[in-house]
Amino acid sequence: MIDQLSEIFADFTKKYKEVHANKKEIILMDIFLFFSFCTGVLQFLYLLVAGTYPYNSFLAGFFSTLGVFVSLACLRMQVTNPEEFDNIPKERAFADFVTCNVFLHFVVVMFMG
């Protein structure tokens, strides 16, 4: 079982490096997506272990993590497949990402109270 998983992981990393060899921005976005996912999982595990006393704080942090993950996934789709999004430039997609994140974090800070 462990051998099969390590083989799958090795094949995945080999194919990923072949496809994204010279696309540093995509690799950076993928790393940040993974970090955001892990942060959300850790926040949820902390909720299960420590309890729900500052529930608004948990919800604000979790929604912030979820919002960043979703908006970054949208940015990655717009950068990798521009023809599906009316060929908008990367700069415009990044500006949309930044604007959405500023608004998201404004709402998160207001929700925490």
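Calculation notes
- Residues numbered from 1 in each chain as written.
- Predicted model: local features only at pLDDT ≥ 70, side-chain atom pairs only at ≥ 80, totals over all residues.
- Heavy atoms only, no water.
- Helix = DSSP H or I, 4+ residues; strand = E, 2+ residues; numbered from the N terminus.
- Contact = heavy atoms within 4.5 Å.
- Core = buried A, V, L, I, M, F, W, Y, C linked by side-chain atoms within 4.5 Å.
- Buried < 20%, exposed > 50% of the residue type's maximum accessible area, 1.4 Å probe, protein only.
- Salt bridge = Lys/Arg side-chain N within 4 Å of Asp/Glu carboxyl O.

Enquirer: Just to check I follow, could you spell out the side chain of N101 for this structure?
Expert: Position of N101 relative to the elements: it lies in helix 4 (residues 90-112). Other than its neighbours up to four places away in sequence, N101 contacts V68 and S71.

Enquirer: How should the nonpolar core be read in this particular structure?
Expert: Grouped burial of nonpolar side chains is what soluble globular proteins tend to show. Membership of the largest hydrophobic core is limited to nine residues, which are I26, M29, L33, L72, L75, V79, I88, A93 and F97. Other than its neighbours up to four places away in sequence, L33 contacts F69, L72, A73 and R76.

Enquirer: I tried to follow the pattern of salt bridges on my own but got confused; where do I start?
Expert: If charged atoms from side chains of opposite charge come close, those side chains can pair. Taken as a whole, this structure holds three salt bridges when the rule is applied. Of the charged contacts, one joins E25 and K90 as a salt bridge, the two residues approaching to 2.7 Å between their closest N and O atoms. Taken together, the residues span a long stretch of sequence, with E25 in helix 2 (residues 24-50) and K90 in helix 4 at a distance of 65 residues. A relative accessible area of 45% places K90 in the partly exposed class. Between R76 and D30 there is a salt bridge whose closest N-O contact spans 2.5 Å. Placement of the pair is R76 in helix 3 (residues 55-80) and D30 in helix 2, with a sequence separation of 46 residues. With respect to class, R76 is no different from D30; both count as buried.

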